[in-house]
Structure formats: structure tokens, C-alpha cells
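Fold and contact review
Here's the letter readout for the chains.
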Amino acid sequence: MLDLSCNSLKAIDSKIECLTELTTLYLHNNLLEDLPIEIGNLKKLEILNLSNNKLEKLPHEFYKLIELRQLSLKNNNIKQLDPAFGDFIMLTYLDLSYNNLTELPIGMGYLVRLISLDLNHNILKELPPDLTNMRALQKLNASYNDLEILPPLGELRKVETVMLQTNKLTTFPDMSGCIQLRILHLADNNITEIDMSCLEGVGQLKTLTLGNNQIESIPEEIIKLVYLEIFDLSYNKITLIPEHIGLMPNIKQLIIDGNDIKNIRTDIIRCGTSRILKYIQQGLKSTNLDSKKHVTLNTSTNIYPDRYTMHSTKLLSLAGQNLTEIPQEVLENACKADVGTVDLSRNNFSTLPDELHIITKVADLKLTSNQLTHIPEWICEKYKYLQILDLSKNCLESLPSNIGLLKYLQELNISFNRYKEIPESVYDVSSLEILIANDNLITNIDILSLQKLQKLTILNLANNNIGYIPPELGNLKNLRNLSLSGNCFKQPRQAILMKSTEEILAYLRNRIPQ
């Protein structure tokens, strides 16, 4: 490694070509206006930081650094990139923010290993269509540009964060298919409509910011976003907050300031999200809703959605109703509506009603915050399309032995239960990508079994009773998020745990006996 950062350097000596074994080079925070052509001879260079300089262009020889994994060109004066940029096929991290780029070369699509791409604060009007070839991309930041149109981004199956705020978009970007998307920022554009077809399959979205656009209405299908926590609609042209917003179970921030809302008093809006939602929910209970859209069952309260609502949203949400059972009619209506998401969180279920098995197309089952002591095996037999299973905050000690039948299961949350070990059957779920098991009583890590989960990218074992971390855990190189804090082991120390997952894994690998 060579660190020449923060030295007010105006030039790099051509003799740098002699450092042929160099893998890491830090040149950030200098006064460089150009690079020597000899830099192209650093064939083994993997990490290069050139941010905060005065570069306007890159020499052709620069594109010979084909072993680069991380490249930062942030805060320079670069106006154009050569199509040879696509030769950096090993790149996982690329920061081009705060430059003067007006377009990106078509060859960018060859950067298929890219995990993070930062383009913010440039002058881009469009993104190249082959951007969607970046199938490993997890974070895309193209905020503060002049973007007017975007290619469909649905092929970015692993993207978790997309930042497109402060552009010139007039239509909602097509994110359909981005099944891992958690955060979508679209504030400060000219978007006129929330097109729910552009969010098809985006069931994990937690944050959606649309402040300062031209939106006039909120579609009923928005309640498909079961996990949505932050919903910013401030400073638009909305006049009506629909009652179905009150059915969204996880909303923590509903921001509607700066609109001309007719059906909610200004003083209520000023009180914030909890007061707004309480007002809407009171309306749901006291108002006779439109018979075509929200007819409820003949029960003492109208907490049950009707078939029309479930058909249009593909959602059965009964969260926070203190239920111990579900009327058969509700389940039959959900079956006929081909419901794909069932949310029974924050109720009083000690066992799951067997009648639930008639809803066969469930892909997302949310059972958090109940009193469940066991999970019936029929779930694994009947819910064969299940992708997400949330069992957190119950009283569970085991899982069905046949959970391996869930061939499409990607995310399993068993946190805040009573598990003393990760159930052995979990290791039969070859499709599993996310395993959340924090705040249990787990005492050990079965590394040989964990290695069977070859697609696992997120593992949370925080706040358990783990006394030893096997160094072989470092060989799980697909992990991008590992949480181990709050256990009783002495190594790794807290200072190591505070570092990135990649650094934690590297630390563990270095401790494997040779």
C-alpha cells in the first residue's frame, strides 16, 4: 500500500511505474490535474482513490488497470469517460460523484461485479440501458443530476438502495422486479403519478420519498407495500388522504406537509404521523365505506378487508387487531383473491389456524409479535411459493423439520425468540439469502452447516449467548452483512465488530490455523 493523500501534490512522478507489486494507492485530497501515462503499468492495483483532485480527463493508459476492485474519482472535473471504462470488469465499488459528466459510456454495462455505483452531482440526462446488466448492484446513487428518462431497472434484482432525488423525472421509474429494494428516493422531481405497476414485486420497500413533486393522488394499491415505514409526500398537489393509508401496518413516518389536504385538519397534520394515522383509523371504524370497495363482514367491528380490497392489493392485513382466530369467510375471500401477502403481526395467536392453508399462493408471511410456540409443518407443504417468513418476537424454540421444502424461501427472521441453536432444518433451505436470528439464546455457530447456505448474504446473530466465533466463518465470502455484537465471546473485540463485514471476515480468515 502507498498513501500519498493530503499532500498538495500537483503531479505524480513517472517512476511510479516501478511499483509493479502495488495493490493499494491513495492519492485523494491533492491538487492533481492529470496522471502520468506510466500509471497504466501498475497491473496489480486493486484499490485506487483519486477523489478531491482537479482531474479533467484520464489518460488512455489508465484503462489498463483491469484488476481494479475499488475506484474513487469523486470531486474532480471529469467531463467524459472513455468506452474502455467497461474493461474494469473486476470493479465492485465505483464513485464518480461530483464531476461534470454529461453522459456515461455504453461499456459501463460490462461492470457486472459492481456492488455500489455513485453518480450523484453530475450533469447526466440519462443512464445507459445496459446499466441493468449490473446484476450484483446493491446501491445506486444518481441523485442531483438532470435525468429526464431512465431505462427499466427491474433486472437489478439485488439492489437495496436507489437514490434518484433532485432530477427532472416526470414519470415514476420502473422498479418492478427489484425484490430486494428497501430504500427509494425520488424527491425533488416532476413526477405526476405514483404508478404502482412500476413497483410490482417490490414487497420489501421500507422508505419511499416523493416530496416536492407534482403528485395529485395516492393509489389504493399503495397498501401492497406492507413493510413501508417512511412515506414522504410533502409539497405535492394532494388534496385527499385515502382511508386505506390507515391499513398500512408499519408506517412510522407519514409526511404530508405542504399539500392542500381537504379531509384532515391542519392542526392534526401538524401533530405528526401518529395523530394523522389515529384520525384516519378512527374514520375507518366510524364510517360506512363505499360498498363496492370496502364492504366489511357482518362482525362487530370492520377490521376485516373484503374480497375486492384483497383482490386489488393481493394483501390480507390484520396486523395489530389482538386476534386469536380468523373467520372462515375472511380466509375464503383471501383464497379467491389469490392473496400473496399475509400479515398477522401484533396479534395474540398462540397457534396458527389450520384453515390458513387454503391460501396457497402466499409468498410473504408476517407473523411477528404474537405468542406462537410452534409452527405447523403444513406451512412448508402448502406455502410452497413462500419467499419471506417473519417469525420474530414469538416464543419459538423450533422450526418444522420439513422447512427445506420451501425452495423459494429467501428471507427467514426468527429473532427475539427462544432458540438455543439455529434449527438444523434451516440448513436445508438452499435458497436462503437472509437469516435474522438476533436476540435468542444461541450458544454456538455451526460453521459446517452454515457453509451449506451458499446464497446467504445477510447473517444476524447479535445479542445471543455465543462464546466462540470460529475463524472459518471468514470463509463465507458471500456475506455482505454480518452482525455478531452483544455476545459473550472475547474475540473479535468490539473494535473489530465496528468495522465493515468485509474487514470482519478478513480478520477471521487471518486467524484460521495454517
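Residues numbered from 1 in each chain as written. Predicted model: local features only at pLDDT ≥ 70, side-chain atom pairs only at ≥ 80, totals over all residues. Heavy atoms only, no water.

Under an unreviewed UniProt entry, the protein has the name Leucine-rich repeat-containing protein 40 isoform X2 and belongs to Apis mellifera.

Along the protein, the regular secondary structure elements total 9 helices and 20 strands. For a compact globule of 514 residues, the expected C-alpha radius of gyration is about 24 Å, and the protein comes in at 26 Å, within 12% of that figure. The dimensions of the protein, computed from C-alpha atoms along their principal axes, are 85 × 60 × 35 Å. For the protein, the residues scored as buried account for 54% of the 514 residues in total. Counting contacts in the protein only where the partners sit at least 6 residues apart, residues at least 24 apart contribute 32% of the total. Total accessible area on the protein stands at roughly 23,700 Å², and carbon and sulfur atoms take up 47% of it. (Helix = DSSP H or I, 4+ residues; strand = E, 2+ residues; numbered from the N terminus. Rg over C-alpha atoms; globule rule 2.2 N^0.38 Å. Buried < 20%, exposed > 50% of the residue type's maximum accessible area, 1.4 Å probe, protein only. Contact = heavy atoms within 4.5 Å. Areas by Shrake-Rupley, 256 points an atom, 1.4 Å probe, with all protein chains shown as cover.)

With that out of the way, let us pick up the sheet that holds strand β11 (residues 230-232). If you walk across this open sheet you meet the 12 strands as β1-β2-β3-β4-β5-β6-β7-β8-β9-β10-β11-β12, and the pairing is parallel. What marks the edges here is a single partner per strand, and that holds for β1 (2-3) and β12 (253-255). (Pairing = 2+ DSSP bridges.)

The next point concerns the UniProt feature "domain: Disease resistance R13L4/SHOC-2-like LRR" (unreviewed entry) in the protein. UniProt marks residues 163-258 and 381-500 with the feature "domain: Disease resistance R13L4/SHOC-2-like LRR" (unreviewed entry), using the numbering shown here. Taken end to end, residues 163-258 is 0% helix and 14% strand, and its two terminal C-alpha atoms sit 22 Å from one another. Segment residues 381-500 splits into 8% helix and 12% strand. End C-alpha atoms: 38 Å apart. (UniProt positions renumbered as here; feature names shortened; annotations may be inferred.)

Split into domains, the protein comes out as domain 1 (1-146), domain 2 (147-282) and domain 3 (307-510). Interface area for domain 2 against domain 3, summed over the two sides, is near 1,400 Å², with a carbon-plus-sulfur share of 47%. Our enumeration of links across domain 2 and domain 3 arrives at 2 salt bridges. When the shortest N-O distance is used, the salt bridge between E160 and R480 registers 2.2 Å. In this structure, the connection of domain 2 to domain 3 is made through 5 residue pairs in polar contact (both at pLDDT 80 or more). For the side of domain 2 that touches domain 3, the class distribution of residues is 6 nonpolar, 3 polar and 5 charged. (Domains from an automatic or database assignment. Buried area = accessible area lost by both parts, 1.4 Å probe. Salt bridge = Lys/Arg side-chain N within 4 Å of Asp/Glu carboxyl O. Polar contact = N/O pair within 3.5 Å; in protein donor to acceptor, adjacent residues only side chain to side chain. Nonpolar A, V, L, I, M, F, W, Y, C, P; charged D, E, K, R; others polar.)

On to the side chain of D390, then. Checked against the element boundaries, D390 lands in strand β16 (residues 388-390). Classification of D390 as buried rests on a relative accessible area of 7%. In terms of polar contacts, D390 uses its side chain to reach the side chain of K366, at 3.3 Å. A polar contact of 2.8 Å, which involves the side chain of D390, links it to the side chain of S392. Excluding residues that lie within four positions of it along the chain, D390 makes contacts with L365, K366, L367, T368 and N413.

Nonpolar side chains in soluble globular proteins tend to be buried together. With 90 residues, the main nonpolar core has F62, F85 and F231 as its most contacted residues. The element contributing the most residues to this core is helix α2 (residues 273-286), with 3 residues. Mapping this core onto the domain boundaries places at least three of its residues in each of domain 1 (1-146) and domain 2 (147-282). Leave out the neighbours within four places in its chain, and F231 touches I194, L208, L210, I218, I222, I245, I251, Q253, L254 and I255. Within the second largest apolar cluster, 67 residues are counted, among which are A337, F349, L432 and L473. (Core = buried A, V, L, I, M, F, W, Y, C linked by side-chain atoms within 4.5 Å.)

Scanning the model with the defined rule gives 7 aromatic pairs in all. Ring centres of F62 and Y63 lie 5.8 Å apart, and the angle between their planes is 90 degrees; on these two criteria the pair is classed as edge-to-face. According to the relative accessible area criterion, F62 is buried, its value standing at 0%. Relative to F88, the ring of F85 lies with its centre 5.1 Å away and its plane at 85 degrees, an arrangement referred to as edge-to-face. (Phe/Tyr/Trp six-rings, centres within 6.5 Å; stacked < 30°, edge-to-face > 60°.)

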